[in-house]
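Structural description and commentary
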Amino acid sequence: TPTLEGIRSFEMAIAPELDHNGEISSILCISRDITDRKATEIALRQQKEVTEQIAESTLAILYIYDLVENRNAYVNPQIEMVLGYSPAEIYAMGSDLFPTLIHPEDLAEQIANFYHCCTLQDGEILETEYRMRHKNGEYRWLLSRDRILNRTSEGSPSQLLGVAVDITRLKQAEATLKAWNHELEERVQQRTKALQQQAELERLLRLVTQRVHASLD
């Protein structure tokens, strides 16, 4: 509504007043200024839209994990680019997400990490590496960083905010480098052994030569 102070928003309640014959004789109107509340609602909605745009455009997996219900409360679309599953498929897995997708060798450690999350202080970050099964059956290495997002009224952690990135190529490069280093070490050891054997042969040859000369003398 236009006012001397500019456009203002009002909330109005209207109630009819009846006379003794049951007919409407007047109307009672009660209104209140809700301009500030509407401005706050608009600002929150805009902030939410910006946050959603950031979450949907990032290359990392963003997620909110509910520790009470033991399921993902939110995951951004990037999950499908990394693991092949849509957010809807992740939600449908519920509490079976980790037993289904995490590599059996990493499952126990990851469960322990979630228990450790319950002891985190606000602002503390837990960093973990683990493997999750892609929809095509292959395993991908993920690096996750988790922190407490919300707590219950009793102060216990209720939700985790996490970000995860695919480090599969990095792990593969590390494995290749490790294999190269191992091969190099073996070659160095073989070369060292060959040089030692050559030195021993040369020492024996000198010894034999000395003895032959001594015999001739």
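Check the entry above for the structure.
Treat the numbers as computed from the prediction; the structure is a model and nothing was measured.

1. What to know about the overall build of the protein
Per the secondary structure count, the protein includes 6 helices and 9 strands. Counting the 217 residues in the protein, one finds 25% classified as buried. When the accessible area of the protein is evaluated, it comes to approximately 15700 Å², of which 55% is carbon and sulfur surface.

2. As for the environment of Glu11
Topologically, Glu11 is positioned in strand 3 (residues 10-18). For Glu11, a relative accessible area of 30% gives the class partly exposed. Separated by 21 residues in sequence, Glu11 and Arg32 have C-alpha atoms that sit 5.4 Å apart. Residues within four places of Glu11 in sequence aside, it is in contact with Ile30, Ser31, Arg32, Ile34 and Arg37.

3. Considerations on helix 5 (residues 104-117)
The end-to-end C-alpha distance of helix 5 is 21 Å, a good match for the 20 Å that 14 residues give at a rise of 1.5 Å each. Among the residues making up helix 5, those that are buried are Asp106, Gln110, Asn113, Phe114 and Cys117. One side of helix 5 holds all its buried residues, which, seen down the axis, span an arc of 100 degrees. Across helix 5 from its buried face, at more than 90 degrees, point the exposed residues Pro104, Ala108 and Tyr115. At its buried positions, helix 5 is contacted by strand 5 (61-66), helix 4 (97-101), strand 7 (126-133), strand 8 (139-151) and strand 9 (157-166).

4. Overview of the packing of aromatic side chains
Taken as a whole and judged by the stated rule, the model has 1 aromatic pair. Consider the rings of Tyr65 and Phe98, whose centres lie 5.5 Å apart with planes at 55 degrees: the pair is tilted. Highlighted residues: Tyr65 in strand 5 and Phe98 in helix 4, separated in sequence by 33 residues. When sorted by exposure, Tyr65 lands in the same class as Phe98, which is buried.

5. Looking at the sheet that holds strand 9
Here we have 5 strands laid out as an open sheet, ordered 6-5-9-8-7, and antiparallel in their pairing. Only two strands of the sheet have a single partner each, and these edge strands are strand 6 (71-75) and strand 7. Averaged over all neighbouring strand pairs, the angle between strand axes comes to 35 degrees, with direction disregarded. In this structure, strand 7 lies alongside strand 8, joined through 8 bridges in antiparallel fashion. Looking across to strand 8, one finds that Glu129 is bridged to Leu143. Strands in contact with helix 5 are strand 5, strand 7, strand 8 and strand 9; relative to strand 7, the strand with the most contacts, it is inclined by about 145 degrees.

Procedures and definitions
- Sequence positions are assigned chain by chain, starting from 1 and proceeding in written order.
- Given that the model is predicted, a residue must reach a pLDDT of at least 70 before its local features are reported, and side-chain atom pairs must reach 80 or more before they are shown or counted; all residues, however, enter totals for whole chains, interfaces and linings.
- By convention in this description, side-chain values take in all heavy atoms of the structure and omit both hydrogens and water.
- Only DSSP runs of H or I with at least four residues qualify as helices, and only runs of E with at least two residues qualify as strands; both kinds are numbered from the N terminus onward.
- Each residue is placed in one exposure class: buried if its accessible area under a 1.4 Å probe, protein chains only, is under 20% of its type's maximum, exposed if it is over 50%, and partly exposed if it falls in between.
- Where accessible areas are quoted, they stem from the Shrake-Rupley method and a 1.4 Å probe; at the residue level, only the protein chains shown are allowed to cover.
- In what follows, residue pairs with any heavy atoms lying within 4.5 Å of each other are defined as contacts.
- Given the number of residues in a helix, its expected span is that number minus one, multiplied by 1.5 Å.
- To be clear, the arc concerns the directions from the helix axis to the C-beta atoms.
- We call Phe, Tyr and Trp rings a pair once their centres come within 6.5 Å, taking the six-membered ring for Trp, and we label the pair stacked below 30 degrees between planes, edge-to-face above 60, and tilted otherwise.
- If DSSP finds at least two bridges between two strands, the strands pair.
- Think of each axis as a best-fit line through the C-alpha atoms, taken over the contacting stretch in the case of a helix, with angles from 0 to 180 degrees between the N-to-C directions.

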